[in-house]
Amino acid sequence: MIPVEEALSRILAAIDVQPAEQVSLRDALGRTLAADVTSRRTQPPAAMSAMDGYAVRAADVASVPASLKVIADIPAGASHDTPLQAGEAARIFTGAPLPPGTDTIVIQEDTDRDGDTVTVKETTRKGAYVRAAGLDFSEGETLLKTGKVLNARDVGLSAAMNRPWLMVRRRPRIAILATGDEVVMPGDQIGPNQIVSSNSLALAAAVEVLGGEPVLLGIATDDAESLKTLAAGARGADMLVTTGGASVGEHDLVQSVLGEHGLEVDFWKIAMRPGKPLIFGSMGDTLMLGLPGNPVSTIVCATIFMAPAIRAMLGQNASLEDQEFTALCGVDLKQNDRRQDYLRASLIQGTDGSLTASPFEKQDSSMLRLLQQADCLVIREPHAEPLPKGAPVRCLRIPGSAMSL
Ligand SMILES: Nc1nc2c(c(=O)[nH]1)N[C@H]1C(S)=C(S)[C@@H](COP(=O)(O)OP(=O)(O)OC[C@H]3O[C@@H](n4cnc5c(N)ncnc54)[C@H](O)[C@@H]3O)O[C@H]1N2
Ligand code: MOO
């Protein structure tokens, strides 16, 4: 059994960053930038009015009331290119460029209009309500960096930079193979001793949220032929993730059968709970992550190993450190054995802002309901001393929990 940290670094060491592809901005949400994005334009391209009102020369309205002759009307999208002279003003609207010669906007509420004459009633500081050229950004500036996962604001900013196409990392294709005679897909006919494959769909959902492309290969029965045939569907995928059949029983065939068909095992068994029998290796160009079948083991191991692996493929920061935080432990914890524990826990924030993480009493790795209810995982290092209630404890945030910090 190797330590969790070593297992993760061996997995990450085997990963290559995905090649880049070009996508339209409309398809860029959630994708990871493979190149910096620099602006193709200066925004705003010229000094613009931030209000509906009058463009004036500040000197003309230094003392009020001041009457000026309105010689132009400039809606957004238009311009007036001849310089204004002393004593002149231009009617202007939000988003329209200031005409040359003017430097200040007087909002219309501070004026009276009579035919071609506008009377400015309030003093206005020079430069008021003027958005200088390049206030937001300038041509050639890099505003989004390689590795950024694009959100709605990034999409808006890219559009404003006039960048309709972006280079992003190709989505890694993650083939998902469930195993077990007792496992059936949700909705299928189910016998009295069978179980629904929650793992396949949970893994597919996790892959999708992480930015990968799940490929469901189905369920292999516990025989060599079925496993070999279905696993062949992983050809061309970046990673094959199996669930079940990883342990030591005669029916746990993943390692032995795939071993006869090109699987080279890097390691098997990790000093962690849940997740002990995890397998990692490769089959040709396809990495292989063999997750234990218990639903909680599958999802916890997907959080700790599959998620960083996919992030690394996408050129993102793969470290779990950002997901870690310290909370006060809500219960007494016993001395730990040699496996690093990931305890499903609820999280409560006190009125003083302190966080208390309380591991659930039951920690069986088959219990999906408690996993779904958990806000975080409390980490117990191997051989950790008994921990009294109220002592600080390391926790790992689980993406998508009700209390998402
Ligand atoms: N003698 C030992 N027995 C076991 C050990 C051990 O060290 N010595 N390890 C235990 C641990 S820890 C785990 S975890 C499990 C994992 O074993 P497998 O990966 O071989 O998983 P299976 O035996 O195939 O299934 C375990 C459990 O999970 C259910 N399952 C399987 N696939 C799915 C699925 N797609 N969706 C939902 N549930 C699934 C399956 O029905 C079993 O109940 O081994 C222990 N045994
Ligand atoms: O690793 Mo097993 O996941 O302890 O149930």
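The structure presented is a predicted model; accordingly, all values stated were derived computationally and were not measured.

Around ligand 2, the structure places Arg273, Pro274, Gly275, Lys276, Pro277, Asn294, Ser297, Arg339 and Ser365. Residue asparagine 294 places a side-chain N or O atom 3.3 Å away from an oxygen atom belonging to ligand 2. Within the side chain of arginine 339, a nitrogen or oxygen atom sits 2.9 Å from an oxygen atom of ligand 2. Among the cavities detected, the one that contains ligand 2 is the second largest pocket. Considering only residue class, the shell around ligand 2 consists of two nonpolar, four polar and three charged.

All told, the structure shown has eleven salt bridges when counted by the stated rule. Its salt-bridge partner being arginine 173, residue glutamate 213 comes within 3.1 Å of it at the nearest N-O pair. Of this pair, glutamate 213 sits in strand β16 (residues 213-220) while arginine 173 is found in strand β13 (residues 173-179), placing the two residues 40 residues apart along the sequence. Glutamate 213 sits in the partly exposed class, given a relative accessible area of 33%. A salt bridge links lysine 228 to glutamate 225, with the shortest nitrogen-to-oxygen separation between them at 3.8 Å. In this pair, lysine 228 and glutamate 225 are both assigned in helix α4 (residues 224-231), three residues apart and thus about one turn of the helix distant. Looking at lysine 228, the relative accessible area reads 32%, which means it is partly exposed. Linked by salt bridges that have partners in common, Glu6, Arg10 and Asp266 make up one network.

Confidence in the prediction of the protein, expressed as mean pLDDT, is 96, and 99% of residues score 70 or more. On the interface metric, ipTM, the complex scores 0.97, and its pTM is 0.92.

This next bit is on the domain arrangement of the protein. Domain parsing of the protein yields domain 1 (4-18 + 171-313), domain 2 (21-41 + 142-169), domain 3 (48-131) and domain 4 (323-397). Here the C-alpha centroids of domain 2 and domain 4 sit 38 Å apart.

Another point: helix α3 (residues 198-210). Here α3 contains 13 residues, and its C-alpha end-to-end distance of 18 Å stays within 8% of the 18 Å for a straight helix at 1.5 Å per residue. Looking only at α3, the buried set comprises Asn199, Ser200, Leu203, Ala204, Val207 and Leu210. One face of α3 carries all of its buried residues, which in axial projection span an arc of 130°. With respect to the buried face of α3, the exposed residues turned more than 90 degrees away are Glu208 and Val209. Looking at the buried side of α3, the elements it contacts are β13, β16, β17 (239-243), β21 (286-291) and α6 (295-313). Phi turns positive, to about 100°, at glycine 211, one or two residues after α3.

So, how was this worked out
Residues numbered from 1 in each chain as written. Chains lettered and ligands numbered in written order. Predicted model: local features only at pLDDT ≥ 70, side-chain atom pairs only at ≥ 80, totals over all residues. Heavy atoms only, no water. Near = heavy atom within 4 Å. Polar contact = N/O pair within 3.5 Å; in protein donor to acceptor, adjacent residues only side chain to side chain. 1 Å grid on protein atoms, 1.4 Å probe; cavity = no way out; pocket = protein on both sides within 12 Å on 5 of 7 lines; lining within 4 Å. Sits in = over half its atoms within 2 Å of the grid points. Nonpolar A, V, L, I, M, F, W, Y, C, P; charged D, E, K, R; others polar. Salt bridge = Lys/Arg side-chain N within 4 Å of Asp/Glu carboxyl O. Helix = DSSP H or I, 4+ residues; strand = E, 2+ residues; numbered from the N terminus. Buried < 20%, exposed > 50% of the residue type's maximum accessible area, 1.4 Å probe, protein only. pLDDT = per-residue confidence, 0-100. Domains from an automatic or database assignment. Expected span 1.5 Å × (residues − 1). Arc of directions from axis to C-beta. Contact = heavy atoms within 4.5 Å.

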